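Topology and contacts: notes
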Amino acid sequence: MSAVRTVLGDVHPADLGVCDAHDHLFFGSPRLPGQELNSRSAARAELTAFRDQGGGAVVQWTPYGLGRRAADLPPLSRETGVHVVAATGLHQAAHYGEDVLARLRGRLAGLFVSELTEGIGTSGVRAGLVKVAGGFHALDAHARWTLAAAAEAHHATGAPVAVHLELGTGALDVLDVLCGEAGVPPHRVVLGHLNRSPDLVTHRQAAESGCYLAFDGPSLAHHATDWRMPDAVRALADAGFGDRLLLGADTTTAAARSVNGGPGMPYLLRRVRPRLVKGVGEELVRRILTENPGRAFGTEWRG
């Protein structure tokens, strides 16, 4: 039976409720000094604020080595009543020191499998997806290495594979590697940040593969794509791909949290949802927030 692997155990996909399909409760990277998400109290307040807007589940895409704080996730989920899904995986090379990457050579897929089936470190918390990353309009050797390891972990466990697309680009290259070369079924792949590159032709080509497309995170000043997102969603829905769409808030810095004055997780339901309802209708938005995440992150687990 298909199940979503949360930090409190496997749950039926229909039990997720309204889902933020891409976000972060904890995250830290040398590329964002001083903006770490490392406060447990702030994470709890953010989850509570999301719940108070009607939220029921959050998928945390924070991968290996970037401050996941896996042991803190189960109590946060219990205290707030929000389902939380944790990730294994590896981000772009720029987020890690060379020593960290050297230690993972030859054992990356095994690490992913262990965190999916046994637990992250000594926490006992099992990951529910593999998160990896592409590059800007291309795939370097690091991206190909991590995509290959993610594919191997998928074949061993059935886990979904979620991919950070740099500024929303490189979607077709990622699918060529994951699905074409490595044989991952497209419906087990989630492509993130499609909102950052409002290329409707590429969106359509990616959707035709059968993968999921995530529109996640409010625009940064230099993206200026929020106003185009409803049109992109409507175009995909009109083409018959409404069942392949996901939404997320993708909070990556402390300043972006709602409890610190930023948009944060509640923005997804407070502002993005009603704006989309005006553009594509309430029923489609309901399915995007509830039914689609269950299918995207629910799988028949192995291993």
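Residues numbered from 1 in each chain as written. Predicted model: local features only at pLDDT ≥ 70, side-chain atom pairs only at ≥ 80, totals over all residues. Heavy atoms only, no water.

**Considering the layout of surface pockets**
Size it by volume and the second largest pocket reaches roughly 200 Å³. Taken together, 15 residues form the lining of the second largest pocket, with Pro218, Asp226, Met229, Tyr267 and Val272 sitting closest to its centre. Of all elements in the fold, only β10 (212–216), α8 (229–238) and α9 (266–280) reach the threshold of two or more residues within the lining of the second largest pocket. Per-element accounting of the lining of the second largest pocket gives the leading share, 5 residues, to α9. (1 Å grid on protein atoms, 1.4 Å probe; cavity = no way out; pocket = protein on both sides within 12 Å on 5 of 7 lines; lining within 4 Å. Points joined across faces, edges and corners; volume = space filled by probe spheres on them. Helix = DSSP H or I, 4+ residues; strand = E, 2+ residues; numbered from the N terminus.)

**As for the packing of α8 against α9**
Packing of α8 against α9 leaves a shortest axis separation of 9 Å and a crossing angle of 50°. The angle between α8 and α9 places the two elements in the oblique class. When the axes of α8 and α9 are compared, the crossing they make is right-handed. Residues Met229, Pro230, Val233 and Arg234 of α8 pack against Val272, Arg275, Leu276, Gly279 and Val280 of α9. Split by residue class, the contact of α8 with α9 holds 6 nonpolar, 1 polar and 2 charged. (Axes fitted to C-alpha atoms, helices over the stretch in contact; angles between N-to-C directions. Parallel < 35°, antiparallel > 145°, perpendicular 65-115°, else oblique. Left-handed = near helix turned anticlockwise from the far one by under 90°. Contact = heavy atoms within 4.5 Å. Nonpolar A, V, L, I, M, F, W, Y, C, P; charged D, E, K, R; others polar.)

**Remarks on the state of the cysteines**
Scanning all chains against the criterion turns up 0 disulfides. Lacking any disulfide linkage, Cys19 is separated from the closest cysteine sulfur, that of Cys211, by 17 Å. (Disulfide = S-S within 2.5 Å.)

**Looking at the sheet that holds strand β12 (residues 298–299)**
Ordered in space as β2-β1-β12, the 3 strands form an open sheet in which the pairing is antiparallel. A single partner strand is all that each edge strand has here, and the edge strands are β2 (9–11) and β12. Direction of pairing for strand β1 (residues 3–6) relative to β12: antiparallel, over a ladder of 2 bridges. Paired with Ala3 across the two strands is Thr299, which belongs to β12. (Pairing = 2+ DSSP bridges.)

**Describing the pairing of β10**
The buried count for β10 comes to 5 of 5 residues, which makes it a mostly enclosed element. By the bridge criterion, 2 bridges tie strand β9 (residues 189–192) to β10 in an arrangement that is parallel. Along β10, the bridge assignment pairs Leu191 with Leu213. Viewed along the sheet, the connection from β9 through helix α7 (residues 200–209) into β10 turns out right-handed. Both β10 and strand β11 (residues 245–248) contribute to a ladder of 4 bridges, which runs parallel. (Buried < 20%, exposed > 50% of the residue type's maximum accessible area, 1.4 Å probe, protein only. Right-handed = clockwise from strand over helix to strand, strands pointing away.)

**What to know about the pairing of strand β3 (residues 18–23)**
Each regular strand carries side chains that alternate between the two faces of the sheet. Burial analysis of β3 places 6 of its 6 residues in the buried class, which makes it a mostly covered element. Bridging between β3 and strand β4 (residues 55–60) involves 4 bridges; their strand directions are parallel. Residue pairing in the sheet places Asp23 in a bridge with Gln60 of β4. With respect to chirality, the unit in which β3 leads through helix α1 (residues 40–52) into the neighbouring parallel β4 is right-handed.

**A closer look at the sheet that holds β10**
Backbone-to-backbone hydrogen bonds pair the strands of a sheet. The strands run either parallel or antiparallel. The 6 strands lie next to each other as β6-β7-β8-β9-β10-β11, forming an open sheet whose pairing is parallel. With partners counted over all chains shown, the strands left at the sheet margins are β6 (87–89) and β11, one partner each. Direction aside, the axes of adjacent strands within the sheet are offset by 30° on average. The sheet strands contacting helix α4 (residues 108–117) are β6 and β7 (129–133), and the helix crosses β6 at an angle near 170°.

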